[in-house]
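Observations on chain architecture
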Amino acid sequence: MAVLVGVPGLAAATEGERHLAGALLVPTVILCTLGILSRGVPVDADLRRIEAVATLALIFVLSTILAVPAFMVLGLNWLDAVFEAASGITTTGLSVARDAESWPIAGHFLRAWMQWCGGVVMAVAGVALLIDSSRAAQVLGKESVGEADYFASTRAKARLVLAGYGAITIVGVVISIPLFPGWWEGPMVALAAISTGGFTPRDSSIAEYSLAAKSFTLLLCVSTTVTVLFYAVAWKRGIAEAFRRGAVPVTLGIIAGGMVLHALLFGLLNGLEDHRALIDSLLNHISAQTTAGFSATPVVPTSPLVLLMVAAMILGGDVGSTTGGIKTARVILLFRMIALVFLRLRLPERALSHLKVGDRRADAEAIIFAAALLAIYLVATLIFWTALFAAGHPALPSLFDAISALSGVGLSAGVIGPDLGDPLKAMAAFAMLMGRLEFFVLIALFLPSTWISRS
């Protein structure tokens with residue numbers, strides 16, 4: 001957390017933004033001091049899952065709180081600052097800032113850096129901490145990537161994820177510089193894109209940039225829509241082996257299929273004469289599918305294409321990626337459960353059949369978690385959608401923005417923004433944290449049973 005606020009704090013000091021630097025560097029000093037003192041505290045090596053999950057939730061909650069003073073220095077009131085900080089650390093990209101373009105470079109770096117850090121944490125959590133994390137780690141099979149056992153601990157997995165994430169970041173930042181205006185806008189967009197965030201230095205998102213810049217931005221988003229462990233396998237064993245072991249072909253196939261379906265529906269509704277409008281609409285679909293939140297063109301809330309984008313936002317990317325949503329692997333598992341029900345209707349009474357993922361029998365814990373996640377996701381969507389609709393917002397745009405917040409997307413149909421009522425802003429900020437932490441993680445933080453020992 002010291003790195004989270006310290007790096008943009010140094011950037012603010014370099015730029016001469018004294019108040020912003022103070023709001024970021026004072027907590028950095030406090031956090032560094034606590035980190036040094038904590039080295040003398042004995043730690044129990046037997047880390048339980050609930051302890052890891054509670055720690056993950058606290059990282060996101062405390063990171064949100066830490067960034068609030070900085071956003072208030074940038075001109076936001078305390079509630080808008082909470083919203084902006086939550087949107088940053090959850091890599092969502094929804095914003096309630098009225099004139100972010102007037103911010104100093106350090107202000108834009110703060111938002112992009114928060115999204116990049118949030119992406120790192122979630123990529124690590126997806127393969128090491130979350131309830132069905134073994135699903136993402138299975139991309140490597142039973143063998144280790146090298147001679148050593150890299151998966152003996154969470155720390156080893158984190159190193160692999162960070163190496164892949166860092167390599168993509170370096171490539172993305174370097175290539176982005178000549179594609180965007182100035183020297184700094186490209187790196188800001190690249191940091192957000194790699195985390196499938198959605199913040200840009202411009203209030204119009206990526207709409208004002210060149211087609212090459214837009215396309216590169218969404219390509220970066222696609223690169224982290226797959227589990228980041230894919231790159232570790234590709235480096236050690238080759239791309240062909242990485243594709244064979246992981247869910248990358250399925251994830252990319254779903255993105256490609258969604259684009260084809262989107263193009264066909266766009267053609268039926270608007271014709272295909274305006275190629276630029278079609279391309280921008282397809283880029284919006286990719287943004288929705290990767291839960292990135294970059295907008296190449298304004299979302300038309302009355303278009304049937306919105307429903308297709310809603311489905312894409314719910315789906316998201318693969319487990320172990322930086323994306324939000326339910327995740328493709330879990331959705332595939334749920335559909336295979338449905339197929340198994342129909343299969344068992346046809347089988348003899350004593351016949352045995354099992355749910356399989358590839359050539360392996362599906363893990364019971366993963367099945368339960370996928371079903372429970374879908375149920376709580378739908379309940380949360382219904383509650384948030386009803387609240388937006390009851391406040392007088394149109395039904396379809398309210399549904400779109402509710403799912404955008406819960407899936408960590410950042411696209412908006414015009415409901416969530418600076419003019420949203422304060423109670424709904426607070427609800428949206430909580431929804432972003434809930435969705436980013438896959439609901440159960442944040443709920444577990446507030447359960448008395450998490451903190452009360454029954455032994």
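Predicted, not measured: the structure shown is a model, and the values here were computed from it. Positions within a chain are numbered from 1, following the residues in the order the chain's sequence is written. Where totals are concerned, whole chains, interfaces and linings use all residues; where local detail is concerned, this predicted model gives features only for residues with pLDDT of at least 70, and gives and counts side-chain atom pairs only at 80 or more. No hydrogens and no water enter the side-chain calculation; it runs on all heavy atoms of the structure.

**Remarks on the nonpolar core**
Residue types Ala, Val, Leu, Ile, Met, Phe, Trp, Tyr and Cys, when buried and joined through side-chain atoms within 4.5 Å, form a set referred to as a nonpolar core. Using a 1.4 Å probe on the protein chains alone, a residue whose accessible area is under 20% of its type maximum counts as buried, one over 50% counts as exposed, and one in between counts as partly exposed. Core analysis: the largest hydrophobic core is formed by 117 residues, its most contacted members being Phe-71 and Phe-400. We count a stretch as a helix when DSSP gives it H or I for four or more residues in a row; a strand needs E for two or more, and each element gets its number in order from the N terminus. The element that contributes the greatest number of residues to this core is helix 5 (residues 105–128), accounting for 13 residues. When sequence neighbours within four positions are dropped, the list of residues in contact with Phe-400 reads Val-299, Val-306, Met-309, Val-310, Met-313, Leu-411, Ser-412 and Ala-413. Counting residues in each nonpolar core, the second largest holds eight residues, with Leu-333, Leu-340, Leu-355 and Ala-370 among its members. Note on contacts: a residue pair qualifies if any of its non-hydrogen atoms lie within 4.5 Å across the two residues.

**A word on the side chain of Gln-289**
Relative to the assigned elements, Gln-289 resides in helix 13 (residues 275–289). Taking the relative accessible area as the measure of exposure, Gln-289 reaches 3% and is therefore buried. Other than its neighbours up to four places away in sequence, Gln-289 contacts Ile-254, Ile-255, Ala-312, Leu-315, Gly-316 and Gly-317.

**Description of helix 3 (residues 49–73)**
An expected span of 1.5 Å times one less than the residue number is assigned to each helix. Its 25 residues give helix 3 an end-to-end C-alpha distance of 38 Å, which sits within 8% of 36 Å, the value for a rise of 1.5 Å per residue. Taken as a whole, helix 3 carries its principal kink of about 30 degrees at Ala-67; the proline Pro-69 stands between one and four residues after it. Positive backbone phi, approximately 110 degrees, marks Gly-75, located one or two places after helix 3. Fitting axes to the seven residues ending at a residue and to the seven starting there, one defines the bend at that residue as the angle between these axes.

**Some remarks on the packing of helix 15 (residues 328–346) against helix 16 (residues 364–390)**
Throughout, an axis means a line fitted to C-alpha atoms (over the contacting stretch in the case of helices), and angles, computed between N-to-C directions, take values from 0 to 180 degrees. Orientation of helix 15 relative to helix 16, taken along the N-to-C sense of each, is 100 degrees, at an axis distance of 10 Å. With respect to each other, helix 15 and helix 16 are oriented roughly perpendicular. Between helix 15, through Arg-330, Leu-333, Leu-334 and Met-337, and helix 16, the contact on the second element is made entirely by Ala-366, Ile-367, Phe-369, Ala-370, Ala-371, Leu-373 and Leu-374. Residues are grouped as follows: Ala, Val, Leu, Ile, Met, Phe, Trp, Tyr, Cys and Pro are nonpolar; Asp, Glu, Lys and Arg are charged; every other residue, Gly included, is polar. Each residue belonging to the contact of helix 15 with helix 16 can be placed in one class, and the counts come to 10 nonpolar, no polar and one charged. Orientation is classified from the angle alone, with under 35 degrees giving roughly parallel, over 145 giving roughly antiparallel, 65 to 115 giving roughly perpendicular, and any other angle giving oblique.

**Here's the deal with the confidence of the model for the protein chain**
pLDDT: the predictor's confidence for each residue, scored from 0 to 100. With 91% of its residues at a pLDDT of at least 70, the protein chain reaches an overall mean of 86. Per-element confidence in the protein chain is highest for helix 4 (residues 78–89), whose mean pLDDT is 96, and lowest for helix 6 (residues 133–137), whose mean pLDDT is 45. Within the model, the stretch residues 131–152 combines pLDDT values under 50 with 58 contacts to residues more than four positions away or in other chains.

**Here we look at the environment of Val-5**
Structurally, Val-5 is set in helix 1 (residues 2–15). Separated by 100 residues in sequence, Val-5 and Ile-105 place their C-alpha atoms 15 Å apart. Once residues within four sequence positions are removed from consideration, Val-5 is found in contact with Leu-24, Thr-28, Leu-31 and Leu-66.

**Re the packing of aromatic side chains**
Pairing of aromatic side chains here covers Phe, Tyr and the six-membered ring of Trp, requires ring centres within 6.5 Å, and sorts the geometry by plane angle: under 30 degrees stacked, over 60 edge-to-face, intermediate tilted. What the rule picks out here adds up to nine aromatic pairs. Taking 5.2 Å as the distance between ring centres and 10 degrees as the angle between the ring planes, the aromatic pair formed by Trp-113 and Trp-116 counts as stacked. Note that Trp-113 and Trp-116 are positioned in helix 5 at a spacing of three residues, about one turn of the helix. Given the relative accessible area of 13%, Trp-113 is considered buried. A centroid spacing of 5.9 Å and a plane angle of 80 degrees characterise the contact between Tyr-377 and Phe-439, whose relative ring orientation is edge-to-face. Here Tyr-377, found in helix 16, pairs with Phe-439, found in the loop between helix 18 (422–436) and helix 19 (440–446); they are 62 residues apart in sequence, far enough to count as distant. Grouping aromatic residues by their ring pairs yields a cluster made of Phe-109, Trp-113, Trp-116 and Tyr-165. Two conditions define a charge sitting above a ring: the NZ of Lys or the CZ of Arg must be within 6 Å of the ring centre, and it must be within 35 degrees of the ring normal. The lysine or arginine in question, Arg-111, covers the ring of Phe-199, its NZ or CZ lying 4.0 Å from the ring centre.

**A closer look at helix 12 (residues 248–270)**
Spacing of three or four residues puts side chains on the same side of an α-helix, whose turn is 3.6 residues. The end-to-end C-alpha separation of helix 12 is 32 Å, in line with the 33 Å expected for 23 residues at 1.5 Å each. Note on helix 12: the residue one or two positions beyond its end, Gly-271, has a positive phi of about 80 degrees.

**Digging into a nonpolar patch on the surface**
A contiguous nonpolar patch, built from Met-1, Leu-58, Leu-62, Ile-65, Trp-451 and Ile-452 and spanning about 570 Å² of accessible area, is present on the exposed surface. No other element matches the three residues that helix 3 contributes to the nonpolar patch. Looking at the element boundaries, Leu-58 is found in helix 3. For Leu-58, a relative accessible area of 31% translates into the label partly exposed. Excluding any residue in a salt bridge, patches collect residues exceeding 30% relative accessible area, merging like charges within 9 Å and nonpolar Val, Leu, Ile, Met, Phe, Trp and Tyr side chains within 5 Å. Here the accessible surface of atoms and residues is derived via Shrake-Rupley with a 1.4 Å probe, and residues count as covered only by protein chains that are part of the display. What makes a salt bridge here is a side-chain nitrogen of Lys or Arg within 4 Å of a carboxyl oxygen of Asp or Glu, nothing more.

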